[in-house]
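Structural characterization, general
Listed here are the chains, written in short residue letters.
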Amino acid sequence: MERQKAEVLIIGGGLAGLVAAIEARRAGRDVLLVCKRRVGRSGNVVVAACNLTGLLQETGDTVAGLAIDTLGNGRDIGDPVLVQALAEGAAGALVFLEQCGVRLLRSEGHLHVLQIPGHSWPRTVCTDRHGIPVQTSGLSLSLPLLAEARRLGVRFVEHAMVCHLLKDGDRVVGAKALLADGSSLHLLAGATVLASGGGGRLYASSNNTRDITGDGYALAYEAGAALRDMEFIQFHPAMGLAPVKIILPTTLFGDGALLRNRYGARFLLGNVTGGEAAAGRDEMSQAIYREIQAGRGVGGGVHLDLSAISDELVTTRYADLWQLLKKRGCDPRRQLLTVGIAVHFFMGGMVIDGCGASTVPGLYGAGEVTGGVHGANRLGGNALLEAVVFGRLAGQSAAADTVALTGIPEATSSDAGVFCLEDELADLRKELRELLWECAGVVRSADSLQAGLARWQQVVGRFRNYSRAVDGQLWCETGHMLTVARLILLAACERRESRGAHCRSDYPALDDGWRGTLLVRCGNSGGDPVFEFVSGAGE
């Protein structure tokens, strides 16, 4: 088994991982970054709409204002310490990105700033995506950061699937990874940063990239770290269905876009005062779901009306989108688009403190793999901001905490056991995604969640009939998916209220008794998950 050593190990090659690697390297540490696919060219950052929350004091915006909006839209269960760190780091995040070569969209020398739904102030900026296809607009963020990481001397291991975290006593000291050829690699480190993204591809309908399968949640959970808020899954209300199948930015709603049902009615006005410009993503998604269920949808979704978008924005901020629509034969001034609901973001994840430290020594986290910043619902633009702010904090903290390795875990591997055939493994994964979408989707209930757990038991029972597959990476990934799916179902069963993105038809009201966070840890010796409700989050 091959071994590589570093002072700081970064797991994940997206936005948070690259930022953490840059900061750890700037602190003088030897940094190794491992990625399941290609660094900077995989993961959700690639398809991000690149709307980034910032903070420009010249506009009159304040740290307190951003913190208040984030906590409020999180339905008052976000971690105030993390939210404060996010808000305090917002101005510096923009400076950091531009220093790394990221071009932000400017107008006459000034940053182009917009106000989008949920924010009480204009604070959303966007990257300059000139020359980059709208379908991969996130490359405008990731490629400059990749170039900076390379310039600084960060080392990379690509196409390596991390199977589990290595521990020496209570401390995480690296990770074991599987390479595409089936060989194993021990990555030993004095400190480790988990930045592997979320789990959108656990669901049948998702706008996440194929590699976002919840690995980091399973890695942290199995290493003994606490997770939180796993019931809170954000559904995106503007996943393009026709004429384009891409994520459409929710900034459109702040700029005049409207949702209409098959009869042309603005149904959101009956759900949210102020309609589209004021609604959160949770409110939009749930309203769309109800229109579809009532038979007032169209083509699996609803209509999106872009006719009110100003000419100025059409030629600047949305120029690439308009060009793509025109290429597909759609004139947005005259024709309606069709949009639907898709899993977009996980608000929950690994518990961290204000420096990015997990509950396990030697393990840090940043980005969507962590929880606590967004509470029950995420504001548009805050995901990219979170990745930058906490990527910086986690990278700096890990660099300061790296220790010399005194004990090296023994390498263990086994080639014995029954192979799972490729078709069977694909069928298992399909069934898992479908059961989560059907049983723990936009609207849940005790009945649907219990049905989901029963179906999960059947899937995991089939999985345990085997011990390996020809594609070892896919096998490992499937195991992670099964672990995380169970945590989502159980957490959603536990929280008996509706709050933010967690909507239960049998408990439709928000309940102050559930104003807090639901922690989960692995039971002793890998036993059943142990849940603990901690009240008062957000106070």
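The following paragraphs examine the structure supplied in this document. Quick caveat: nothing in here was measured; it's all calculated off a predicted structure. (Residues numbered from 1 in each chain as written. Predicted model: local features only at pLDDT ≥ 70, side-chain atom pairs only at ≥ 80, totals over all residues. Heavy atoms only, no water.)

Going through the model one piece at a time under the given rule, you end up with 5 aromatic pairs. Aromatic side chains Tyr203 and Phe235 sit 6.2 Å apart centroid to centroid with 90° between the ring planes, which places their arrangement in the edge-to-face category. With Tyr203 in the loop between strand 10 (184-194) and helix 6 (215-222) and Phe235 in strand 12 (residues 233-242), the pair connects residues that are 32 residues apart, well separated along the chain. For the pair Trp514 and Phe533, a centre-to-centre distance of 4.9 Å together with 65° between the ring planes defines the contact as edge-to-face. Of this pair, Trp514 sits in the loop between strand 21 (503-504) and strand 22 (516-523) while Phe533 sits in strand 23 (residues 527-535); the two residues are 19 residues apart in sequence, bridging distant segments of the chain. Relative accessible area serves as the criterion here: at 29%, Phe533 is assigned to the partly exposed category. (Phe/Tyr/Trp six-rings, centres within 6.5 Å; stacked < 30°, edge-to-face > 60°. Helix = DSSP H or I, 4+ residues; strand = E, 2+ residues; numbered from the N terminus. Buried < 20%, exposed > 50% of the residue type's maximum accessible area, 1.4 Å probe, protein only.)

Quick look at unusual backbone geometry now. Cis geometry is adopted by the peptide bond preceding Pro243, which originates at Ala242 and carries an omega value of 5°. On the secondary structure map, Pro243 appears in the loop between strand 12 and helix 7 (251-254). Of note in this structure, Glu108 is not a glycine but carries a positive phi near 55°. The backbone of Asp229 sits at a positive phi, close to 55°, despite the residue not being glycine. Within the secondary structure, Asp229 is located in the loop between strand 11 (227-228) and strand 12.

On the basis of which strands lie adjacent, the open sheet formed by 4 strands has the order 12-15-14-13 and antiparallel pairing. Whereas interior strands pair on both sides, the edge strands pair on one side only; in this sheet they are strand 12 and strand 13 (258-260). Averaged over all neighbouring strand pairs, the angle between strand axes comes to 45°, with direction disregarded. As judged from the 7 bridges shared by strand 12 and strand 15 (residues 337-346), these two strands associate in the antiparallel manner. Bridge pairing in strand 15 places His236 opposite Ala342. (Pairing = 2+ DSSP bridges. Axes fitted to C-alpha atoms, helices over the stretch in contact; angles between N-to-C directions.)

Moving on to the environment of His112. Within the secondary structure, His112 is located in the loop between strand 5 (110-111) and strand 6 (124-126). It is 36 Å that separates the C-alpha atoms of His112 and Tyr217, two residues lying 105 residues apart in sequence. With sequence-adjacent residues up to four places away left out, His112 is seen in contact with Leu105, Arg106, Ser107, Thr124, Val125, Cys126, Leu313 and Arg317. (Contact = heavy atoms within 4.5 Å.)

On to the pairing of strand 10, then. The buried fraction of strand 10 amounts to 11 of the 11 residues, a majority that puts the element mostly inside the structure. Alignment of strand 1 (residues 2-11) against strand 10, held across 9 bridges, turns out to be parallel. In the strand pairing of strand 10, Ala6 is matched with Ala189.

With that settled, consider helix 10 (residues 319-327). Residues of helix 10 that are buried: Asp320, Leu321, Trp322, Leu324 and Leu325. Those residues of helix 10 hidden inside the fold are in contact with helix 7, helix 9 (311-315) and strand 15.

A complete count under the given rule lists 3 cavities of 30 Å³ or more for this structure. Taken as a whole, the second largest cavity encloses approximately 90 Å³ of empty space. Lining the second largest cavity are Asn73, Ile116, Pro117, Thr250, Ala279, Gly280, Arg281, Met284, Asn377, Arg378, Leu379 and Gly380. A class-by-class count of the residues in the lining of the second largest cavity yields 5 nonpolar, 5 polar and 2 charged. (1 Å grid on protein atoms, 1.4 Å probe; cavity = no way out; pocket = protein on both sides within 12 Å on 5 of 7 lines; lining within 4 Å. Points joined across faces, edges and corners; volume = space filled by probe spheres on them. Nonpolar A, V, L, I, M, F, W, Y, C, P; charged D, E, K, R; others polar.)

Put simply, helix 6 and helix 14 (residues 472-494) touch, their axes get as near as 8 Å, and they point 80° apart. When the interaxial angle is binned, helix 6 and helix 14 end up roughly perpendicular. Of helix 14, the residues touching helix 6 (which contributes Asp215, Tyr217, Ala218, Leu219, Tyr221 and Glu222) are Glu477, His480, Thr483, Val484 and Leu487. Of the residues contributing to the contact of helix 6 with helix 14, the split by class is 6 nonpolar, 2 polar and 3 charged. (Parallel < 35°, antiparallel > 145°, perpendicular 65-115°, else oblique.)

A general tendency of soluble globular proteins is for nonpolar side chains to be buried together. By size, the foremost hydrophobic cluster in this structure holds 162 residues, and its most contacted members are Leu145 and Leu259. With 11 residues, the single largest contributor to this core is helix 14. With near-sequence residues (within four places) excluded, Leu145 lies in contact with Leu15, Leu18, Val19, Ile22, Phe96, Leu97, Cys100 and Val102. (Core = buried A, V, L, I, M, F, W, Y, C linked by side-chain atoms within 4.5 Å.)

On their own, these measurements won't tell you what the molecule is for.
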